[in-house]
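# Breakdown of the fold
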Amino acid sequence: MSDGLQARPQSAAAAVNATEDIGISDLLFLEPLTEQSFIDNLRRRFHADKIYTSMGNLILSLNPYRPLNLYDEQTLRLYRHQRITDLPPHIFGVAGAAYRELTLHGLNQAVLLTGESGSGKTENTKLIIHTVASLASNTKEAEKVTNRLLQFNQVLEAFGNAKTEKNDNASRFGKYIDIAFDSHGDTLGANLTAYQLDKSRVIFQNPRERNFHVFYQILAGADVHLLKALKLQRNVEKYSILRFSGVYKLEGLDEKREFVITKEALEILGFSAAECQCVFQIVAAVLKLGNIQFLPKTNVDGTESATMLNEHEAGDVAELLECPDVKSLVRVLNKGSIQLRDEQMEMTLSAQEASALRDQLCKALYNRLVTWIISKINSGLSYLSSSSRSLYGVLDMYGFENLEHNGFEQFLINYASEKLHCFVMDLVLKYEQEEYIREGLPWNNVPYTTNSEVCDIIEKGHHSLLAILDEVCLREDSVSDEHLLHKFTRHQGAESVFQPPQERAGNNVPMDQFKIRHFAGTVTYHSRGFAEKNLDILPRSVAEVMHSCRMPLVKELFPDGNPARTIAKRPLTMAASLRASLSALLSGLSGRSFTLIKCIKPNDSKRPGFFDEERVKHQVRYMRLVDQVQVRRAGYAYRDTFENFMRHYKMLTSLTWPLYPGDAKDGVRLILLTLAMNKMEYIIGRTKVYIKFYETINRLDDLRRAALQDVAVLIQKSFRGYRTRKHLKLMAINSAPSSSQSSKDSGRRGERLSKLLLRSLCNDQHSSVSSSMDSSQSVPYTPICNNISQYPSAMPFTITPTTIATSAIHTATIGTSTSAGPSAVSVATSPHPPPPTAAAILSAVVAATTAAPAPFTPVAFVNPTPPPPVPPKPKITPSMSINSIPRSKPPPPMRRTATIGNCVDRRLDPNEAARRITECCRNYHRYKFLLFLLRHLPSMSPVDQRWPPSPSFLMMTNLILRDTFHRWRCRKYRLRFDQTSISRMREKVAASSIFLGKKITYPKTVPHPFRGDYVRLRQNVKWRKLAADTNDQYVVFADIMPKINRTTGRPSYVLSVISTKAFLVIDQRTMIVKYRIQAGDIARISVSPYADDIVVIHLKPGELFKRKGDFMFQCAHVIEMVTKLCLVVQNITQKPPEIMIAPEFPVYFGSSMLLVHFDANASQGTPDMTPDVTPPGSVKVARKNNRMEISLSLDKSG
């Protein structure tokens, strides 16, 4: 359901990525800037299906009135993380840019969509919400909120949109959606505000229009059982409120499918099945209520009354609304009542009055139902305001309307459009220029006109049109359109803006009409029904009947019908309510960062591919788009206070990170001087810093992201180190038991430590212990691990390094020794297995580390417990059956006591035992080192020089591992490069070979990528024509820089361009080529080793050399310029030019030779104290006879 902005399922990546752009995609670069060139550019792009054109961060959208391949998921992914300037203009890019500004800078956003009815605002609103929801659904809770955000538009369109003369899906209410995000950029919830539903459409539509979509969806999509329950028939012509215009269907719209989607959307938004049923019953009741007809009747006393013709329809309405008394409903519709002070008085209604009361009830039922639905949606999207960090607002307000018959609804719609138009014009043209002047920036005022006088006539003061309208409606004696017209006739407004209904020479306005000259044109309003529609008060008797219904939802919709409720003051009129809502909205938008989307209608007939130049020109004029281009072109893309800028970008230099004690303004200056920024890219105001181009902001954000990554790595490293040290301390404390701990706990700890150590040793296939053992005598380590629980719970000795070595040697040689005493048992004479291996010894030693302390004694072990006897096998006789054979349970596995005595596999001499213990310890240290290395590998950056240390005996191995890892990550790093990145890397390598260790500013430029085109020359129309004539289409480098005058030494700014064939010096204003130097004519390039940014291009002998000689420039990107110029010359001549980096060198100016000398005392400094970009006015050039002195004066206090 749209006007042509819907997506097709095919991919749009090819269209988006097309290198050939049609016309100028950013109108800030349109040359020449005239109204006709502006419109011609829009026409060219429209016919090429380029419906989006940018003006900085403002975007123009033309409605194509047909589906385009621009909105599929692949295109959305393409724009998701791209900057607004990296790809062609698109609604996805604008929405994503506002979201990134919200997450990066924490600025509340507001996206304002303006345009006439039928220009595509509703569809663009859906696309914006879809883009933001896809960017912010990173958690389960955020995904749940996202799903609801994507569905509520379907419900709002069904209940609030309708077909009008100029739009098949016109929003008949204004809406503002505020989406809340947390500090991580995830959606917390949203809040929807609706403004003034066009409820008169429920009972009447103009020709070629329709009622709200939901009526047709229910009749077409509800199944037979639901239709029966709702007492409806599928034939649209059966219902009076749907057959006024005779338009029942929309071309290309499947109402049945739309109903299914709407019903599913209600369920996703949290509506229960019972609530959905109640909603459909109320909609059906409105349809049935509209069918009730009244027959005029004359009473005996001559008064008129009315009789209801089809009371069965009233019965159906009562049943649908669950009204307990049908007669009360019929009586209140026939009789009505009036409120006299504290009591109601029943009165007789004529047929016309009864029909008006019926229509009033229809409008009230539907309007309150829509209000309840919006409230229910908000409750499902609610969030805690305390947890919200940022807000993202989207405003889709009424579009300007000028129909054949304009009534009270069009008056309110155009008033809201007028109010919003004045707000946008003040925001873009008035406040913008006033701020530049207030901040002391150089500014030439751009004249403009606004339509604020229309807003004043409508709403300002006691004599405004809204004040007169409310005054007439609040009269207690009578409310009539005639009295309103009389008041309008006496209105003293400017006739150029407001033409009242009066008979005067030169004024041909009929008595029942008046005219207002709005910003988009003059509209004639028919005043019939103005006063009645503005008052719109439902009689209390009708509200009481509705409140008596048993359906809970109906009771909730009519709280004013509660008999226990006292009569409150008279509610606000519709005009007063809209005025208050708009004032609250615009005041709430102040302080936000705005993104404007101007929607334009290419024609009024909704014809695809038809561009009506006059119609587009009219919209361009009243939107003041050419004036806005002039202001934006001369203005600044980004601005922020010094404090906010400092807080956001202070990590970009060590001079301001982490804390800067000085003034925020000085800190901002320091950051900008430290970074490689051209002086034309920024300016410092009185309270704010201003950035000229969006590319500059993108570069700053890239640098900030990299700096934050380094900070995050440092925090992680520090925390992990702290956590590991704390864990090791706890392990050391736990490994030293107190005297009160039981020997059982100590044994279990020792058992766990021993098992871990033994498993780590036994599972190492490269262990030197296992390799040194004889295969025929080796004993597997698994039994030792399994039987480790049989070790004594407390070893009778204290563990020290000396104890470990002595115990191991003693155990290895105990087989040849004699008994040391009566308590000692000789291993050689005992029935136990051979002595244990070194691994078993070490495990036993580790197990004893948690034992209770005791003085060291020779090792003595008790004899192991003999294994239990094996039960005899049962005897089997031939008479037994298979099942009768007794089956004994298998004996439990034998577990030998894991003493040293039954672990030793052979006798070892002391030297062998010591060697094996040493090898086991080394294997353990190897394992721990490899594990430590795995967890502390450096980053994948080839310049990361960090590497974990190793034990001394593994030093050579560690060097080999470091070299292997570095070569591997270098290969991985190279594989990520595309051809463009490889070329950039080659340029960086060339710059290193030229300047490394020779120029003081070179180290500061290493982290910054070479951009090449600093003035976006490729998009300049004049340059395209010029490049086609000179065959210099491929721009390698372009920037505006001072050219030093050879006579006076004063700078004059020129545009310097390096193409693949030549070096060009161009007048930046007229784009006329002053000098074109072939790459082969460049002999040498000279620079100083200091921070002056002076570069001299020496020419080979020739005509230009004789006339002008060499050229001297001051370039803010001298490293990049010299490098690229050197590569271009090398590519042409197959030989690089000579590069001279010296504090003094000769320069030829015409026929004379000068010696250029650089003052070392003023220019030289340390790399940390030298800025990347030479501040304006800091280079002093003085010529004395045949000598030119160049000095650099830096502010030492900064």
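Structure: see above.
One numbering rule holds for all chains: residues counted from 1, following each sequence as written. It should be noted that, the model being predicted, local features are given only for residues of pLDDT at least 70 and side-chain atom pairs only at 80 or more, the latter also being counted only at that level, while totals for whole chains, interfaces and linings use all residues. Hydrogens and water are ignored here; the side-chain numbers use all heavy atoms of the structure.

## With respect to the overall build of the protein chain
Here a helix means four or more residues in a row that DSSP labels H or I, a strand means two or more in a row labelled E, and each is numbered from the N terminus. Looking only at helices and strands, one finds 39 helices and 31 strands in the protein chain. When each of the 1198 residues of the protein chain is scored for burial, the buried share is 50%. Residue contacts are counted whenever heavy atoms from the two residues lie within 4.5 Å of one another. Considering only intrachain contacts with a sequence separation of at least 6, the fraction spanning at least 24 residues in the protein chain is 69%. Shrake-Rupley sampling with a 1.4 Å probe provides the accessible areas, and residues are treated as covered by the protein chains on show and by no other component. Counting only carbon and sulfur atoms, one obtains 54% of the accessible surface of the protein chain, whose full area is about 58300 Å². Buried means the residue's accessible area, taken with a 1.4 Å probe over protein chains only, is under 20% of the maximum for its type, while exposed means over 50%, and partly exposed covers the values in between.

## Comments concerning the side chain of Gln-281
Residue position: Gln-281 is located in helix H10 (residues 273-290). Owing to a relative accessible area of 12%, Gln-281 belongs among the buried residues under this scheme.

## Side note on the environment of Asp-627
Position of Asp-627 relative to the elements: it lies in helix H23 (residues 625-634). Placed 198 residues apart in sequence, Asp-627 and Leu-429 show a C-alpha to C-alpha distance of 7.9 Å. Sequence-distant contacts of Asp-627, that is, excluding residues within four places in its chain, are made with Leu-429, Val-446, Pro-447 and Tyr-448.

## Things to note about helix H11 (residues 311-320)
Among the residues of H11, those classed as buried are Glu-313, Ala-314, Asp-316, Val-317, Ala-318 and Leu-320. Where H11 is buried, its residues contact helix H8 (224-230), H10, strand E9 (304-308) and helix H12 (326-334). Once H11 ends, the next one or two residues include Glu-322, with phi positive near 60°.

## Quick look at the environment of Leu-219
Structurally, Leu-219 can be placed in helix H7 (residues 213-221). With a relative accessible area of 2%, Leu-219 lands in the buried category. Distance from Leu-219 to Leu-232, taken between C-alpha atoms, is 7.4 Å for residues 13 residues apart in sequence. Residue contacts for Leu-219: discarding those within four places in its chain leaves Leu-227, Leu-232, Gln-233, Arg-234, Val-236, Tyr-239, Leu-242 and Leu-287.

## Some words on the sheet that holds strand E6 (residues 174-181)
Pairing in this open sheet of seven strands is mixed, and the strands run E1-E2-E16-E3-E12-E6-E7 from one edge to the other. Pairing within the sheet leaves two strands with one partner each, and these edge strands are strand E1 (52-55) and strand E7 (187-195). Taking the axes of each pair of neighbouring strands and ignoring which way they run, one obtains an average angle of 15° across the sheet. Pairing between E1 and strand E2 (residues 58-62): four bridges, direction antiparallel. Its bridge partner lying in E2, Thr-53 is registered against Leu-60. Whenever a helix is involved, its axis is fitted only over the stretch in contact; in every case the axis is a line through C-alpha atoms, and angles between N-to-C directions fall within 0 to 180 degrees. Against the sheet, helix H2 (residues 35-47) makes contact with E1, E2 and strand E16 (593-600), and its axis sits at roughly 145° relative to E1, the strand it touches most. Taken strand by strand, helix H4 (residues 91-105) contacts E1, E2, strand E3 (109-114), E6, strand E12 (390-396) and E16, and its axis lies near 150° from that of E12. When DSSP finds two or more bridges between two strands, those strands count as paired.

## Quick look at the pairing of strand E19 (residues 688-691)
Relative to E19, strand E17 (residues 638-641) runs antiparallel, the two sharing four bridges. Along E19, the bridge assignment pairs Arg-639 with Tyr-690. Where strand E18 (residues 682-684) lies against E19, three bridges are found, and the strand directions are antiparallel. Residue pairing in the sheet places Tyr-682 in a bridge with Ile-691 of E19. The antiparallel pairing of E18 with E19 creates a hairpin that spans three residues between the two strands.

## Focus on the packing of helix H24 (residues 642-649) against helix H26 (residues 694-735)
Two numbers describe how H24 lies on H26: the axes approach to 10 Å, and their chain directions differ by 45°. As summarised for this structure, H24 and H26 are arranged oblique, according to the angle between their axes. Where H24 abuts H26, its residues Phe-645, His-648 and Tyr-649 lie against Ile-697, Leu-700, Asp-701 and Arg-704. Per-class residue counts for the contact of H24 with H26 are four nonpolar, one polar and two charged. An angle below 35 degrees is treated as roughly parallel, one above 145 as roughly antiparallel, one from 65 to 115 as roughly perpendicular, and anything else as oblique. Amino acids outside the nonpolar list (Ala, Val, Leu, Ile, Met, Phe, Trp, Tyr, Cys, Pro) and the charged list (Asp, Glu, Lys, Arg) are all regarded as polar, and Gly is one of them.

## Remarks on the pattern of salt bridges
Salt bridges are identified by distance alone: a Lys or Arg side-chain nitrogen within 4 Å of an Asp or Glu carboxyl oxygen. Applying the stated criterion to the full structure yields 49 salt bridges. Here Glu-681 ties to Arg-699 by a salt bridge, and the two come within 2.9 Å at their closest N and O atoms. Of this pair, Glu-681 sits in the loop between helix H25 (664-674) and E18 while Arg-699 sits in helix H26, placing them 18 residues apart in sequence. By relative accessible area, Glu-681 is classed as buried at 4%. We note a salt bridge from Arg-916 to Glu-912, for which the minimum N-O separation is 3.0 Å. Of this pair, Arg-916 and Glu-912 are both found in helix H32 (residues 910-935), four residues apart, which corresponds to roughly one turn of the helix. Both residues of the pair, Arg-916 and Glu-912, belong to the buried class. One salt-bridge network, in which partners are shared between bridges, spans Arg-172, Asp-198, Arg-201, Glu-209 and Glu-401.

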